[in-house]
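Fold and geometry: a report
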Amino acid sequence: MKVIILAKDNLELADGEAKALFETIDRVEDLLFLQQLSSKQAHRLAFAKEVHELLSILDSEDDVHKLSWNKLIKGTYAIRTHDIPEREMAAKVYMNLRHPVVNLTQPATEIHFFKRGKVIICTKKLFTIEHGYEARHPKERASIPVSVHPKIARAMVNLTGGQPGATILDPCCGTGGHLLEAGLMGLKITGTDIEKRMVDMTLFNLKKNNLVGKISRQDVLTINRPYKYIVTDLPYAKNTKTINIRAFYQEFFIHIGKILSKRAVIGLPDIFRPQQLIKNTGLKITGEYTYYIHRSLTKKILVVEKA
Ligand SMILES: C[S@@+](CC[C@H](N)C(=O)[O-])C[C@H]1O[C@@H](n2cnc3c(N)ncnc32)[C@H](O)[C@@H]1O
């Protein structure tokens, strides 16, 4: 069985994106258990750090000797612990090995012990999930002050559940933060924005990442073909020319209700009541997450589907 080590900064979002993509078995705090997971699949995840193989769930530290350490560890190794003293656990493993060769910097095998509740979860690390967010950070691409961070953008795309080859629409694409992540994950990308300047910036950012997409200038409220997957960050007061933002949101959700055929993931400031916004739209909310941006802005991510 595989264990995904989730990023602790937003466990709900980490859990949500993984569950939208994979069949999971259980979660114990930051440890998400699932039967199978390839390295390629795992690298999609925004809020995940590492993938391990489950070795055992121990009732106490004294059960460490029950594992076949001489079979599990060949060559150099290191013991890493989480919420349990490392020195004691390392000593217990050491005593059970015929030829222990510890290498703390570049071990061939990394064994982890996680104390979670009353049990100790013992795993072997398989790989680290590389994200490469730095190169796509708003300050490294054509951007505006409200451009989405690649980590959030990626999690939002993942929440749609869209698989490589599927088409995803960002109808208020701005500088293309969501489209970049979706394109890099192998989805076909379509974007619209009411401002030509934004369309140009999205095209520039896509090209820089060797991606192509159908990007055009259009008002979201005039899009009339159906889309299975939609992801977007709605404009909000400070960056929009739309005067009545609440009225715009209401029209937006009514329109999404008409063109959505499967799932949409929408980012907006958390001051709005989601149930009010989707009233009479033919949509239902199937997920709701919050994340903090700065002192005066917390955002909400809504997952909506046809009611
Ligand atoms: C919050 S920004 C999107 C930022 C984007 N996620 C990024 O990473 O840069 C919202 C965008 O919605 C666009 N917008 C506002 N009203 C619109 C409308 N009626 N139709 C389409 N786009 C609209 C704005 O021009 C703005 O670029």
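Everything quoted here is computed from the prediction, not taken from an experiment. (Residues numbered from 1 in each chain as written. Predicted model: local features only at pLDDT ≥ 70, side-chain atom pairs only at ≥ 80, totals over all residues.)

**A few points about the domain arrangement of the protein**
When the parts of a complex come together, some accessible area is lost, and that lost area is often used as the size of the interface. As a reminder, the rule being used: Domain delimitation in this document rests on an assignment produced automatically or drawn from a domain database. Each residue gets a C-beta atom placed from its backbone, and two residues are in contact if those atoms lie within 7 Å. Polar here means any residue other than Ala, Val, Leu, Ile, Met, Phe, Trp, Tyr, Cys and Pro, which are nonpolar, and Asp, Glu, Lys and Arg, which are charged; Gly is therefore polar.
Each domain of the protein was delimited in the assignment, giving domain 1 (2-128) and domain 2 (134-306). Placing the centre of domain 1 and that of domain 2 at their C-alpha centroids yields a distance of 35 Å. The partner domain 2 presents 10 residues to the 11 residues of domain 1 that form the contact. Tallied by class, the residues present in the side of domain 1 that touches domain 2 amount to six nonpolar, two polar and three charged.

**A look at the environment of K214**
The condition that has to hold: Only DSSP runs of H or I covering at least 4 residues are called helices, and only runs of E covering at least 2 are called strands; the numbering of each starts at the N terminus. Each residue is classified by how many other C-beta atoms fall within 10 Å of its C-beta atom, where C-beta atoms are placed from the backbone; a count of 20 or more means buried, 12 or fewer means exposed, and values in between mean partly exposed.
Of note, K214 is situated in strand β11 (residues 214-217). Here K214 falls in the exposed class, since 11 other C-beta atoms lie within 10 Å of it. In this structure the C-alpha to C-alpha distance between K214 and I189, which are 25 residues apart in sequence, comes to 6.5 Å.

**Description of the packing of helix α6 (residues 177-184) against helix α7 (residues 196-208)**
The description of two helices packed together rests on the angle between their axes and the distance between the axes. Note the threshold: Orientation is described by axes fitted as lines to C-alpha atoms, over the contacting stretch for helices, and by angles from 0 to 180 degrees between their N-to-C directions. By the definition adopted for this analysis, an angle is roughly parallel if under 35 degrees, roughly antiparallel if over 145, roughly perpendicular if from 65 to 115, and oblique otherwise. Two helices crossing with the near one rotated counterclockwise from the far one by less than a right angle form a left-handed crossing, whereas a clockwise rotation gives a right-handed crossing.
Where α6 meets α7, the axes come as close as 10 Å, and the angle between the chain directions of the two elements is 30°. Classed by the angle they form, the pair α6 and α7 counts as roughly parallel. When the axes of α6 and α7 are compared, the crossing they make is right-handed. Counted together, L179, L180 and G183 of α6 and T202, N205 and L206 of α7 form the full contact between these two elements. Its residues assigned to classes, the contact of α6 with α7 shows three nonpolar, three polar and no charged.

**Quick look at the pairing of strand β9 (residues 167-170)**
Where we set the bar: Note on pairing: DSSP must find at least two bridges between two strands before they are called paired. Crossovers are described as right-handed under a simple rule: with the strands pointing away from the observer, the path leading from the first strand over the helix to the second runs clockwise.
Pairing of β9 with strand β10 (residues 188-193), which is carried by four bridges, proceeds in the parallel orientation. Looking at β10, one finds that L169 is bridged to T190. Of the crossover connections in this fold, the one passing from β9 over α6 to the parallel β10 is right-handed. Note that β9 and strand β12 (residues 227-233) share two bridges and pair parallel. The residue of β12 that forms the bridge with L169 is I230.

**Some remarks on the packing of helix α1 (residues 11-21) against helix α5 (residues 150-160)**
One way to put it is that α1 packs onto α5 with a least axis distance of 7 Å and a crossing angle of 40°. In this view, α1 runs oblique relative to α5, as classed from their interaxial angle. α1 and α5 meet at a crossing whose hand is left-handed. Side by side, α1 and α5 meet where L13, G16, E17, A20 and L21 of the first sit next to A155, N158 and L159 of the second.

**Brief notes about α1**
Of all the residues in α1, the buried ones are L13, A14, G16, E17 and A18. Elements that come into contact with the buried residues of α1 comprise β1 (2-6), β3 (31-34), β4 (48-58), α5 and β14 (283-294).

**A short note on the nonpolar core**
Selection rule: Note on definitions: a nonpolar core is a set of buried residues drawn from Ala, Val, Leu, Ile, Met, Phe, Trp, Tyr and Cys, linked by C-beta atoms within 7 Å.
Counting 59 residues, the largest nonpolar core has I4, F47, A48, M156, I168 and V265 as the members making the most contacts within it. Each of domain 1 (2-128) and domain 2 (134-306) gives at least three residues to this core. Setting aside chain neighbours within four positions, we find V265 in contact with M156, L159, T160, V231, I301 and V303. Grouped together as the second largest cluster of nonpolar side chains are 14 residues, V64, Y77, V93 and I120 included.

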